[in-house]
Amino acid sequence: MSTAVAPARTGQVRTGQVLADLIPASRVRDIALVAGGAALTGLAAQLAVPVPGSPVPVTGQTFAALLVGTTLGARRGVASLALYALAGLAGLPWFAQGTSGFSVSFGYILGMILASAAVGALARRGADRNVWRTAGAMLVGEAIIYAVGVPYLAYAAGMSLSAAIAAGLTPFLLGDALKAALAMGVLPTAWKLVKR
């Protein structure tokens with residue numbers, strides 16, 4: 001059973017919609033949105049800054065993944081991030097810093113798939129339409145990414161959990177707060193523009 005909602009007429013926005021639902025529905029639209037979301041995530045992953053003492057760089061990847069999930073909804077968001085992960089595993093060099101395949105940071109990519117489902121479901125309930133609810137949705141998404149990524153990092157890099165937290169969580173908290181703040185501005189503003 002499809003969760004997609006028929007697009008509203010111009011100026012008419014209903015609960016249960018995500019931003020992508022405002023584009024006339026078709027299979028071509030869905031394929032283009034899924035592929036575009038994967039490409040956006042791959043491009044954002046190239047905005048990478050190494051973190052001293054950590055095998056995980058700061059990237060735009062997590063912001064893109066959460067934005068994809070929120071704007072496309074859970075089903076298309078998961079499909080988009082799964083495509084991103086599978087293409088990277090197959091050798092497309094679009095993981096962080098132009099890498100591909102399995103790495104110690106692959107758990108974050110798995111977390112992004114789950115996070116896109118969560119933020120997409122929250123967006124269908126209107127979580128992307130005002131500043132504070134958007135912040136909450138982004139925090140839920142980030143928590144899911146870390147809940148998968150940090151234990152995977154500990155396992156894959158042979159670190160203790162406390163060392164993985166120090167290397168794979170703590171250095172990223174400020175950047176994630178800035179990404180959440182950016183989403184708090186972008187998503188509610190997009191809905192305001194749509195309503196005009």
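So, how was this worked out
Residues numbered from 1 in each chain as written. Predicted model: local features only at pLDDT ≥ 70, side-chain atom pairs only at ≥ 80, totals over all residues. Heavy atoms only, no water. Helix = DSSP H or I, 4+ residues; strand = E, 2+ residues; numbered from the N terminus. Expected span 1.5 Å × (residues − 1). Patch = residues over 30% accessible without salt bridge, like charges linked within 9 Å, V, L, I, M, F, W, Y side chains within 5 Å. Areas by Shrake-Rupley, 256 points an atom, 1.4 Å probe, with all protein chains shown as cover. Salt bridge = Lys/Arg side-chain N within 4 Å of Asp/Glu carboxyl O. Buried < 20%, exposed > 50% of the residue type's maximum accessible area, 1.4 Å probe, protein only. Phe/Tyr/Trp six-rings, centres within 6.5 Å; stacked < 30°, edge-to-face > 60°. Contact = heavy atoms within 4.5 Å. Polar contact = N/O pair within 3.5 Å; in protein donor to acceptor, adjacent residues only side chain to side chain. Core = buried A, V, L, I, M, F, W, Y, C linked by side-chain atoms within 4.5 Å.

1. Thoughts on helix α4 (residues 106-124)
- Here α4 is 19 residues long and its end C-alpha atoms lie 28 Å apart, about the 27 Å a rise of 1.5 Å per residue gives.
- Just past α4, the residue G126 takes up positive phi, approximately 90°.

2. What about a nonpolar patch on the surface?
- Together, L86, L89 and F102 give the surface a local cluster of nonpolar side chains, amounting to about 330 Å² of exposed area.
- Along the chain, L86 turns up in helix α3 (residues 74-89).

3. Concerning the pattern of salt bridges
- Under the counting rule described, the total for this entry stands at 5 salt bridges.
- With its nearest N and O atoms 3.0 Å apart, the salt bridge here joins R29 to D30. The burial state of R29 is the same as that of D30; both residues are buried.
- The closest approach of N and O atoms between D30 and R76, which form a salt bridge, is 3.1 Å. In this pair, D30 is assigned in helix α1 (residues 27-45) and R76 in helix α3, connecting sequence segments 46 residues apart.

4. Quick word on the packing of aromatic side chains
- Enumeration according to the criterion identifies 6 aromatic pairs in this entry.
- With centroids separated by 5.3 Å and ring planes inclined at 65°, the aromatic side chains of Y84 and F95 adopt a geometry described as edge-to-face. With Y84 in helix α3 and F95 in the loop between α3 and α4, this pair connects stretches of sequence that are 11 residues apart. Pair check on accessibility: Y84 and F95 agree, each one buried.
- Here the aromatic rings of F95 and F106 are separated by 6.1 Å at their centres, their planes lie at 50°, and the arrangement is tilted.

5. What about α1?
- Across its 19 residues, α1 extends 27 Å between first and last C-alpha, which sits within 8% of the 27 Å expected from 1.5 Å per residue.
- Here α1 has its buried residues at R29, D30, L33, V34, G37, A38, T41, G42, A44 and A45.
- Summarising the contacts, the buried residues of α1 are in contact with β1 (48-49), β2 (58-59), α2 (61-72) and α3.
- Its side-chain oxygen 3.4 Å from the backbone nitrogen of V28, S26 forms the N-cap of α1.

6. Focus: the side chain of D30
- D30 sits in the buried class, given a relative accessible area of 18%.
- Residues in contact with D30, not counting those within four places in the same chain, are R75 and R76.

7. Here's the deal with the nonpolar core
- One finds L81, Y84, Y108, I109, M112 and M138 to be the most contacted residues of the largest nonpolar core, which totals 42 residues.
- Listing elements by their share of this core, those giving two or more residues are α1, α2, α3, α4, α5 (131-157) and α7 (173-195).
- A per-element tally of this core places α4 first, with 8 residues.
- Setting aside anything within four residues of it in sequence, one finds M138 in contact with L66, T70, A180, A183 and L187.

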